[in-house]
Amino acid sequence: MVISEEPTPGNEQHASVVDNPQTPAETVKQPTEERRWEATQVDETVPDDAAAIKPDLPVPDSVLTPTPPLKDEFQEELVVRPLHSGDIYASFQFRTVWETDFTRGMSHYRLFPKSLGQVISKFSVRELHISFTQGYWRTMQWGQPYLPSPPGAELWVWFQDTVTDVDATWKELTNVLSGIFCASLNFIDSTNTVQPSASFKPLGIANGTDHRFLRYATLPREIVCTENLTPWKKLLPVCSDSLCADLVYNRLFFPPSVNFSTAVSIPRLCTYGRCVRTGRAKPQWSLFKMFSRTLTEACPLASSSKIYIDVTDNPQDQFELSPATHLLSQAVVLGDRRTFSVYDLTQQVTFGTVRSLNVLIRWKSTEGDMLRPLLHAERYVAGYGLQTGEIHTLMYNNHPFRSFPVLLLDSVPWYLRLYVHTLTVTSKGKDNKPSYIHYQPSKDRMRPHLLEMLVQLPPHSVTEVTVQFERALLKWTEYTPDPNHGFYVGSSVVSALVPSTVAMNTNITKEQPLFSTFFPTKEESSYFIRAYTEPLLVNLPTPDFSMPYNVICLTCTVVAVGYGSLYNLLTRSFQVEEPNPGLAKRIANVIRKMRGVPPL
């Protein structure tokens with residue numbers, strides 16, 4: 001899903017999106033004419049049709065003032081990409097563009113969510129990016145996602161330079177966002193928050209890069225479930241008629257084989273929100289089969305509502321698309337030229353005579369090769385025992401002849417004490433000295449380790465980064481309710497400008513003239529990508545929490561048997577009870593009493 005908000009600095013009255021290849025929003029570029037993912041430059045002049053739209057407000061008869069035109073716009077898209085593994089990648093994108101200035105305070109909200117607008121104003125937020133993801137994206141099987149995110153929860157925020165106490169504002173902001181998104185963001189504190197110096201630059205028009213106003217944190221154990229969908233869905237301007245409401249929200253369960261991700265991104269220029277889902281659907285897939293519902297109309301407030309089906313990997317008619325559409329668009333997505341079939345939901349002809357749209361894909365062949373992603377990263381823990389260990393991070397450069405630098409960010413909890421002198425970087429069996437290293441040591445129970453380095457990846461190679469660590473012994477109150485399950489360590493972040501895959505084809509002479517290779521094109525330039533590794537699960541030295549239970553049981557038994565018996569003897573009162581006389585003796589006493597003789 002994508003939402004976007006666009007505050008303009010000062011008194012500038014224009015809405016524009018910077019065409020910067022380093023922004024993740026632009027890694028998914030727009031198909032020509034139909035595609036609206038790529039940032040487009042909007043003219044400063046107000047269009048005639050927008051000027052004609054005026055809110056219905058009561059105006060006094062004696063005063064006639066011109067009504068300012070509306071400066072917000074809502075767009076929605078669904079991109080479906082059949083994967084070679086037999087899975088389906090469905091990416092919902094929702095964007096709300098609003099030309100306003102939150103620093104002056106806003107009292108009227110039309111399309112942009114008021115809850116986020118108030119947060120931006122109150123906490124002087126310049127950029128906010130938050131994501132919730134269930135499962136791990138398998139890059140080698142599914143390829144690169146359009147907008148990657150790590151498992152669990154991720155939050156990084158750029159504050160305005162007017163904020164005096166960033167840490168206090170960050171803590172209060174996480175508590176507010178925890179209530180808005182119904183998540184455990186309130187567990188973000190100084191022990192899992194870092195301040196990157198090179199990674200996570202602003203994605204909007206803001207040029208300030210003072211890292212003192214940047215905060216980044218992850219919760220790798222955060223579970224995404226249906227209760228996180230409801231507050232996320234309420235951020236849309238129309239909850240009952242959007243693509244998300246019609247398709248995603250009705251999927252009220254999360255099978256283990258599904259990778260599900262929701263996110264909201266608010267750059268200084270625009271705010272993106274997305275909902276990503278993958279599910280196995282071979283050999284036949286349809287909207288109704290995957291989402292249990294078909295589409296009947298577009299959102300009435302959306303200026304653009306379209307469905308894109310990626311048909312790039314269908315040259316030999318490996319699958320059949322129904323209903324067929326004559327609208328096709330091409331775009332360079334993640335450095336690869338892609339072709340999309342387009343369904344425009346704002347056109348009534350798209351729904352046909354049945355007034356319902358159910359896109360169906362029938363697979364005819366299971367053959368096909370997937371282009372390996374140029375950049376891929378993995379991480380795992382090695383070693384034995386519960387005292388020391390070693391973290392291995394593998395970064396793959398699958399480009400056949402191009403090398404490129406990558407920026408690696410590692411945030412390690414304080415209870416894993418890193419031995420920085422053991423840090424090694426090797427490529428093709430040789431040492432690979434990083435050109436930039438930034439390391440911030442941890443403080444026990446105060447802040448985590450922060451390691452950033454710039455490494456050059458040789459072509460067609462695997463670069464391995466290793467560092468040893470020692471496990472700390474926690475206090476018994478610091479263990480989780482299930483300490484034997486282990487402790488999660490957040491994913492590593494790899495950022496890079498990757499060469500475009502369009503220039504990798506070595507047999508292009510058979511398809512195009514020879515002279516075309518002498519002229520560089522925009523498609524052959526680099527594009528920005530951010531990749532995440534798997535989160536780590538590390539076991540720490542754990543006390544035997546069953547021993548206190550055994551001691552308590554034994555102590556209670558001794559107290560009950562020993563002290564209880566003694567207490568019973570000391571407090572009990574004893575009385576001598578005479579034995580009852582026999583029947584003959586009682587009869588004799590009665591007779592003796594009648595005769596006036598004393599009883600026996």
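Summary of the structure given here. The structure displayed is predicted, hence computed values, not measured ones.

**Thoughts on the pairing of strand β14 (residues 336-344)**
Here is step 1 of the chain: Two strands pair when backbone bridges link them, and strand β11 (residues 302-310) and β14 are joined in this way by five bridges, in the antiparallel orientation. In the strand pairing of β14, lysine 306 is matched with aspartate 344.
Here is step 2 of the chain: Of the pairings in the sheet, the one linking strand β13 (residues 328-333) to β14 comprises six bridges and is antiparallel in character. Each residue of the ladder has a partner; that of alanine 331, found in β14, is arginine 338.
Here is step 3 of the chain: Linking β13 back to β14 in an antiparallel pair, the connection comprises two residues, with leucine 334 at a positive phi of about 55 degrees.

**A short note on the nonpolar core**
Here is step 1 of the chain: Judged by nonpolar contacts, the single largest core of 46 residues is most densely connected at Leu128, Phe159, Leu173, Leu177, Phe181 and Leu185.
Here is step 2 of the chain: Taken together, the elements giving at least two residues each to this core come down to α2 (114-123), β4 (125-134), β5 (152-159), α4 (166-180), β7 (214-219), α5 (229-233) and β8 (259-266).
Here is step 3 of the chain: Among the elements that line this core, the one with the most residues is β5, at six residues.
Here is step 4 of the chain: When residues no more than four places from it in sequence are discounted, the contact partners of phenylalanine 159 are Phe123, Ser124, Val125, Arg126, Val166, Thr169, Trp170, Leu173, Phe213 and Arg215.
Here is step 5 of the chain: The next biggest cluster of nonpolar side chains, apart from the first, holds 31 residues, and it includes Val333, Met395, Leu451 and Ala531.

**Topic: helix α9 (residues 583-594)**
Here is step 1 of the chain: Here α9 spans 17 Å end to end across 12 residues, near enough to the 16 Å set by a 1.5 Å rise per residue.
Here is step 2 of the chain: A positive backbone phi angle near 80 degrees is found at glycine 596, which sits one or two residues after α9.

**What about the environment of proline 405?**
Here is step 1 of the chain: As for its placement among the helices and strands, proline 405 is situated in strand β18 (residues 404-412).
Here is step 2 of the chain: On the basis of relative accessible area, proline 405 is assigned to the partly exposed category, the value being 39%.
Here is step 3 of the chain: Taking C-alpha positions, proline 405 is 9.6 Å from proline 434, a pair spaced 29 residues apart along the chain.
Here is step 4 of the chain: Apart from the residues within four sequence positions on either side, proline 405 is in contact with Leu454, Val455, Gln456, Ala496 and Leu497.

Basis of the calculations
- Residues numbered from 1 in each chain as written.
- Predicted model: local features only at pLDDT ≥ 70, side-chain atom pairs only at ≥ 80, totals over all residues.
- Heavy atoms only, no water.
- Pairing = 2+ DSSP bridges.
- Helix = DSSP H or I, 4+ residues; strand = E, 2+ residues; numbered from the N terminus.
- Core = buried A, V, L, I, M, F, W, Y, C linked by side-chain atoms within 4.5 Å.
- Buried < 20%, exposed > 50% of the residue type's maximum accessible area, 1.4 Å probe, protein only.
- Contact = heavy atoms within 4.5 Å.
- Expected span 1.5 Å × (residues − 1).

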